[in-house]
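Coordinate analysis (summary)
Single-letter residue listing:
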Amino acid sequence: IQDTRTGKNDNWYYCTGEVYGNSADYPGDGIFKSTDNGKTWTGIQVENKPQIFRHLNYGWRLCLDHSRNDSDVLYLASYGAILRSNDGGNNWKVILGGRNFSLQYAGTDIAQTPSGVFYATLNSTVPGNYKGILRSEDGLNWTTITPSNFPRTHGRIVFDIFNADETLLYFLAYTPFNGKLGENHAGTTERNSLWKYRYVSGNGADSNGVWTNLSDNIPEYRQTEGYVWGDFMSQSGYNLRIRIKPDDSNVVAIAGTNLFISTDGFKSSNNTSWIGGFKHTKDKIDGFFNGLVYENHHPDIHELLFHPTVSNKLYTASDGGLATTDDIFPDASGKVKWQSLNNGYFTTQFYTAFMNQNPNTNLAMSNVVMGGFQDNETQYIDLSGTTNDDWTRIACCDGAYGGIFDDGDTTWTVTSKQLGGIFLYKFDKDGKRLQAGRIDPDGANGYVFINELALDPFNPKRMYLPAGAFVWMNTDITTIPPSNEDAPTSVNWHRLLNARSTNGTIVSIDVSEKQEGLVIVGTSGAAVYRLENGHDPENYSFTNITENNALGKNGYIASVATDPHNVNNILVAFSNYSRQSIFYTEDGGQNWRHVSGNLEENEDGSGAGTAVNVVKIIRTREGTPVYLTGTNSGLYSTSALPGQNTIWNREGANEIGVCAVRAIDYRAYDDLLFIGTHGCGSFSTNMSQIASAPTPVETNISVYPNPASDFLQINLGKEHVSANYSIFDLNGRQVKSGVATNNESIPIAGLKAGQYFIQVVVGEVMVAKKVVVD
């Protein structure tokens, strides 16, 4: 927001974090301020420790009291609460609500009229006496003005004030048990409500305000006219916004997955137009294979803004980025013409990344890398092109897991979308698509939102698919007949009835490159299973290799990785905070050791350690093992896993930085490593040569004192004269290095207080120790 007071227009503020609906539900860092029109920014109350809840890290909306010039009074609509600051954001106090433990009902909103009156909304499950819709003339004393017949259970409520006559407001709400029924393409239903309010007098409550329920006129083009994506849907309040045209209170726009506009203030359903979001189509297949978005626009709309002086001009912000139209009213064809304003800005939040392990340069589609993006489909780009080339959409919806492989003069690609729908595409040598069809198994259920799948390295036509507690296997996906029906298939699918988890949903999978039919899966209940002979539906075994809670009783195993050279080496990662994150076994699961090392603040996993999203074991051409992990604070690697003394080194510090890494893929024949991040793009490198790190061993080398203040000393024992040392912080950044002789003092007075790791290398001996600087 901009400070609109005279002489303070150069001051801007923004809030951070997204608590519900996003692909990762990321906490923010706090509040940021600029005093030079956005050229530079300074953090206010900045802190990012996801394990510790702070309202300031989950902001819905900021509001600055423009009616006062004596101080900078800010309000924050946060996760279940309204906060107030009297000093420009330095200190905050909850004035309404509090911490809400229901993510789905966590929405709040706040705004101020031109004369200085505040309106605020809170969902029905917030703590305290104030819920629903409230009004205040000073920001401190609030009156509930919610109409008596407003739905008692309500989630997020958003609103807009008609500034030309501030007594008029519209409110749009997610109300799960009352209001207008909407249905999406998959048959999921929800209810939303639309209300108009006219302030009359006094505190605005009861007879001092007039309420009109307009909910019956919320659009329902799916139900009335058969358009697949035609109903108003807010996805439980995830995408919800309402705006009034600045010069006409009868022109009101409401946004959810779609954008609709009414020219009579939704007094009826006859004067409403569908002007953005999803494509107008009655053909479900057309949507899945040929595009499902409104031309130059995108569904899941989070913000609307009318131009203040060009009244027909509207801006939108959505999961597809920024767009504008010069005329919000449909033309003779019934459509609104939109223009993208992304201009190099991308909303690409990678869920997955994958590529052909054995590409054929004679096939146009063979050497591409593919990514599954949050609400931006599955897309691909040719690796032989340049970094400035555009990506090409290949499938719809939230892009999820997939694969790509060649078969003669044909390239096959597998893509999937949210909740398990899988599609197979066939391309000729020139890149022309020959066929497409849906191939996920009939009868499978229990998919997680972004559900993993894996092609078999020994035969990529063979697919393994976790679904709920079971593993499914398809013997040959290429012989599934293409179909124009949007329905699953039973062709070549086998549910491995004995490959069933008794420890939660199967959520991660990896297939061995070393042993055919060997599949490792991880569950939402902290268990790892080993599937042997998985390619034979009549003769396989399924064994829990983490019995007796070897990895702890609880935890979500977000990723499992097998060693391409050794079937007994397995790396697993938990994405949960406040528990140990990474474990490793060298004997097929008989024994596990904790190898998170410096990624944890404390050895038991408590504290401010990063979340771990994905792990990978690769072998270079020389056979050197490299262990990789993608975390919420970047990409890390190590070539040795000595238990808790493992040191993970940050990779791509200047390119990737601390961006959240969600996907890693690698192919050995050209040493190509490819990663996808949450919002920072994708990165690749050719790992043609990686130096082998010394092997950690038990020695009498020690580091003292510990804790230390000014100096550290290394006792090398009698057999060593000097050693190389490196000191790393908990983010894997090297903060000091050098050569030290036996018992030489190493100055550390310049290091901030906290925990560090010191790595001491003497010849082929490496020792890693945790040290505390106080």
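Predicted model, so just to flag it, every value in this text is computed and none were measured.

**Concerning the sheet that holds strand E46 (residues 625-631)**
In space, the four strands of this open sheet follow the order E45-E46-E47-E48, with antiparallel pairing throughout. Of all strands in the sheet, those bounded by a partner on one side alone are strand E45 (612-619) and strand E48 (649-651). For this sheet, the mean angle separating the axes of adjacent strands, direction not counted, is 30°.

**Thoughts on the pattern of salt bridges**
Counted by the stated rule, this structure contains 26 salt bridges. For Arg68, the salt bridge is made with Asp70, and the minimal N-O distance between the two is 2.9 Å. Judged by relative accessible area, Arg68 falls into the partly exposed class, the value being 28%. Classification of Asp70 by relative accessible area gives exposed; the value is 61%. Through salt bridges with shared partners, a single ionic network connects Arg61, Asp109, Asp160, Arg241, Arg243 and Glu303.

**Here's the deal with empty space enclosed by the protein**
According to the stated counting rule, one finds two cavities of 30 Å³ or more in the structure shown. Considering only enclosed or pocket space, the largest cavity measures out at about 40 Å³ in volume. Looking at the largest cavity, the residues that line it are Leu424, Gln435, Ala436, Gly437, Arg438, Ile439, Ile480, Pro481 and Pro482. Element by element, the count of residues in the lining of the largest cavity is highest for strand E32 (residues 433-438), at four residues. For the lining of the largest cavity, the class distribution of residues is six nonpolar, two polar and one charged. The computed volume of the second largest cavity comes to approximately 30 Å³. Lining the second largest cavity are Gln51, Asn576, Tyr577, Ser578, Arg579, Ser581, Glu600, Gly605, Gly607, Gly609 and Thr610. For the lining of the second largest cavity, the residue count by class is one nonpolar, eight polar and two charged.

**A few points about the nonpolar core**
What tends to happen in soluble globular proteins is that the nonpolar side chains get buried as a cluster. Formed by 24 residues in total, the largest nonpolar core has its most connected members in Tyr170, Leu172, Leu194, Phe232, Ile242 and Ile254. In contact with Ile242, not counting residues within four places along its chain, are Val158, Phe159, Asp160, Tyr170, Leu172, Leu194, Val252, Ala253 and Ile254.

**Considering the packing of aromatic side chains**
For the structure shown, the criterion picks out 27 aromatic pairs. When the centroid spacing of 6.0 Å and the interplanar angle of 75° are considered together, the rings of Phe350 and Trp391 count as edge-to-face. Here Phe350 is found in strand E25 (residues 350-355), whereas its partner Trp391 is found in the loop between strand E27 (378-382) and strand E28 (392-395), with 41 residues between them in sequence. You can call Trp391 partly exposed: its relative accessible area is 25%. Put simply, the rings of Tyr119, Phe150, Phe159, Phe171, Trp195, Tyr197 and Trp211 touch in pairs and so form one group of aromatic residues.

**Section: the pairing of strand E26 (residues 368-373)**
Most of E26 sits out of view: six of its six residues are buried. Residues Val368, Met370 and Gly372 of E26 are buried on one face, and the alternating residues Val369, Gly371 and Phe373, pointing to the opposite face, are buried as well. Of the pairings in the sheet, the one linking E26 to E27 comprises five bridges and is antiparallel in character. Counterpart to Gly371 in the pairing with E27 is Gln379. Between E26 and E27, which pair antiparallel and follow one another directly, the connecting turn spans four residues, one of which, Asp375, has a positive phi of 55°.

**Quick look at the side chain of Thr352**
Topologically, Thr352 is positioned in strand E25. For Thr352, the side chain forms a polar contact with the main-chain oxygen of Ala400, separated by 2.7 Å. Each residue touching Thr352, except ones within four places of it in the same chain, is listed here: Met370, Gly371, Gly372, Ala400, Tyr401 and Ala663.

**Details of the sheet that holds E25**
Either a parallel or an antiparallel arrangement is found when strands of a sheet pair, and the pairing is made through backbone hydrogen bonds. Across the sheet, four strands lie side by side as E25-E26-E27-E28; this open sheet has antiparallel pairing. Whereas interior strands pair on both sides, the edge strands pair on one side only; in this sheet they are E25 and E28. Across this sheet, the average inter-strand angle for adjacent strands is 30°, counted without regard to direction.

**Details of the environment of Ser684**
Structurally, the position occupied by Ser684 is in strand E51 (residues 682-686). If we skip the residues at most four places from it in the chain, Ser684 touches Leu672, Leu673 and Phe674.

**So, the state of the cysteines**
Inspection of the entire model under this criterion finds two disulfides. Each sulfur of the disulfide joining Cys396 and Cys397 lies 2.2 Å from the other. Of note, the bridge from Cys396 to Cys397 carries an S-S torsion of about -75° and is left-handed in sense. For Cys397, a relative accessible area of 10% puts it in the buried group. What pairs with Cys659 in a disulfide is Cys680, and their sulfur atoms sit 2.1 Å apart. Between Cys659 and Cys680, the disulfide has an S-S torsion of -85° and is therefore left-handed. One end of the pair, Cys659, is in the loop between E48 and strand E49 (661-667); the other, Cys680, is in the loop between strand E50 (672-677) and E51, with 21 residues separating them in the sequence. If one numbers only the bonded cysteines of the protein, in the order they occur, the disulfide pattern is 1-2, 3-4. Counting only cysteine sulfurs, Cys63 is the nearest neighbor of Cys15, a cysteine outside any disulfide, at a range of 11 Å.

About the cut-offs
- Residues numbered from 1 in each chain as written.
- Predicted model: local features only at pLDDT ≥ 70, side-chain atom pairs only at ≥ 80, totals over all residues.
- Heavy atoms only, no water.
- Pairing = 2+ DSSP bridges.
- Helix = DSSP H or I, 4+ residues; strand = E, 2+ residues; numbered from the N terminus.
- Axes fitted to C-alpha atoms, helices over the stretch in contact; angles between N-to-C directions.
- Salt bridge = Lys/Arg side-chain N within 4 Å of Asp/Glu carboxyl O.
- Buried < 20%, exposed > 50% of the residue type's maximum accessible area, 1.4 Å probe, protein only.
- 1 Å grid on protein atoms, 1.4 Å probe; cavity = no way out; pocket = protein on both sides within 12 Å on 5 of 7 lines; lining within 4 Å.
- Points joined across faces, edges and corners; volume = space filled by probe spheres on them.
- Nonpolar A, V, L, I, M, F, W, Y, C, P; charged D, E, K, R; others polar.
- Core = buried A, V, L, I, M, F, W, Y, C linked by side-chain atoms within 4.5 Å.
- Contact = heavy atoms within 4.5 Å.
- Phe/Tyr/Trp six-rings, centres within 6.5 Å; stacked < 30°, edge-to-face > 60°.
- Polar contact = N/O pair within 3.5 Å; in protein donor to acceptor, adjacent residues only side chain to side chain.
- Disulfide = S-S within 2.5 Å.

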